[in-house]
Amino acid sequence: VQLQASGGGLVQTGGSLRLSCVASGRTFGSRVMGWFRQSPGKEREFVAAVSQSGISTFQADSVKGRFRISRYNNNNTVLLQMSGLKPEDTAVYYCASAVRINTHSVYLPGTWDYWGQGTQVTVSS
């Protein structure tokens, strides 16, 4: 599985961005998809995840009500719609893939077995 993330950029506080991640291969529909982020000097942090069917989603408390994750299995794509952006959202954002996740392991980067290359999001104050 190869993951290609895109859509990052520079935006002002309160602005919006949409990140996209396209996956290769024929197993996309059987995998949980997620987004993490990492800023300099900090550990990689869970942002959001979506179930294989797209029906169930899960977000970190820090982004609830502002970020929305969705997926389109017909074209192997997962999106992260971000609104109400804050300077503390500045980070490199990574998409990730896993076969099986629970509400405890979802936060752990080691649980996810494939990663995209990351896309930079910068929010200016």
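Please read these numbers as outputs of a predicted model, since none were measured by experiment. (Residues numbered from 1 in each chain as written. Predicted model: local features only at pLDDT ≥ 70, side-chain atom pairs only at ≥ 80, totals over all residues. Heavy atoms only, no water.)

S.K.: Which residues make up the state of the cysteines, and what are the values?
M.R.: Cysteine pairs can be linked by a disulfide, which is a covalent bond between their two sulfur atoms. Using the criterion set out here, one finds one disulfide in the structure. Across the disulfide from cysteine 21 sits cysteine 95; the S-S distance is 2.1 Å. Taking the sign of the S-S torsion, 55° for the link of cysteine 21 and cysteine 95, the bridge is right-handed. Placement of the pair is cysteine 21 in strand β3 (residues 17-23) and cysteine 95 in strand β9 (residues 91-98), with a sequence separation of 74 residues. There is no split in this pair, since cysteine 21 and cysteine 95 are both buried. (Disulfide = S-S within 2.5 Å. Helix = DSSP H or I, 4+ residues; strand = E, 2+ residues; numbered from the N terminus. Buried < 20%, exposed > 50% of the residue type's maximum accessible area, 1.4 Å probe, protein only.)

S.K.: Hey, could you go over the side chain of serine 51 for me, with residue numbers and the actual values?
M.R.: Along the chain, serine 51 falls in the loop between β5 (45-50) and β6 (57-59). On the basis of relative accessibility, which here comes to 17%, the residue serine 51 falls in the buried class. For serine 51, the side chain forms a polar contact with the main-chain nitrogen of isoleucine 55, separated by 3.5 Å. (Polar contact = N/O pair within 3.5 Å; in protein donor to acceptor, adjacent residues only side chain to side chain.)

S.K.: Can you explain the pairing of strand β11 (residues 119-124)? Please cite residues and give values.
M.R.: Of the two faces of β11, the one holding Thr119, Val121 and Val123 is buried and the one holding Gln120, Thr122 and Ser124 is not buried anywhere. Examined bridge by bridge, strand β2 (residues 9-12) and β11 share four bridges and lie parallel to one another. Within β11, the residue paired with leucine 10 across the bridge is threonine 122. Pairing of β9 with β11, which is carried by three bridges, proceeds in the antiparallel orientation. Looking across to β11, one finds that alanine 91 is bridged to valine 121. (Pairing = 2+ DSSP bridges.)

S.K.: Hey, could you go over the nonpolar core for me, with residue numbers and the actual values?
M.R.: In terms of nonpolar packing, the biggest core is built from 34 residues, with Trp35, Val47, Phe67, Leu80, Met82, Tyr93 and Trp112 touching the most fellow members. Residue assignment for this core shows that the elements contributing at least two residues are β1 (3-6), β3, β4 (32-38), β5, β7 (67-72), β8 (77-82), β9 and β11. Those residues within four positions of methionine 82 in sequence are excluded, and the remaining contacts are Gly15, Ser16, Leu17, Leu19, Arg66, Phe67, Tyr93 and Val121. (Core = buried A, V, L, I, M, F, W, Y, C linked by side-chain atoms within 4.5 Å. Contact = heavy atoms within 4.5 Å.)

S.K.: Please set out the sheet that holds β1 residue by residue, giving values where relevant.
M.R.: Backbone hydrogen bonds hold the strands of a sheet together, and the pairing may be parallel or antiparallel. Across the sheet, four strands lie side by side as β1-β3-β8-β7; this open sheet has antiparallel pairing. Among the strands making up the open sheet, the edge pair consists of β1 and β7. Each neighbouring strand pair of the sheet contributes to a mean axis angle of 15°, computed without reference to strand direction. Looking at chain direction, β1 and β3 are connected through four bridges and run antiparallel. Each bridged residue has a counterpart across the sheet, and for alanine 5 the counterpart in β3 is cysteine 21. (Axes fitted to C-alpha atoms, helices over the stretch in contact; angles between N-to-C directions.)

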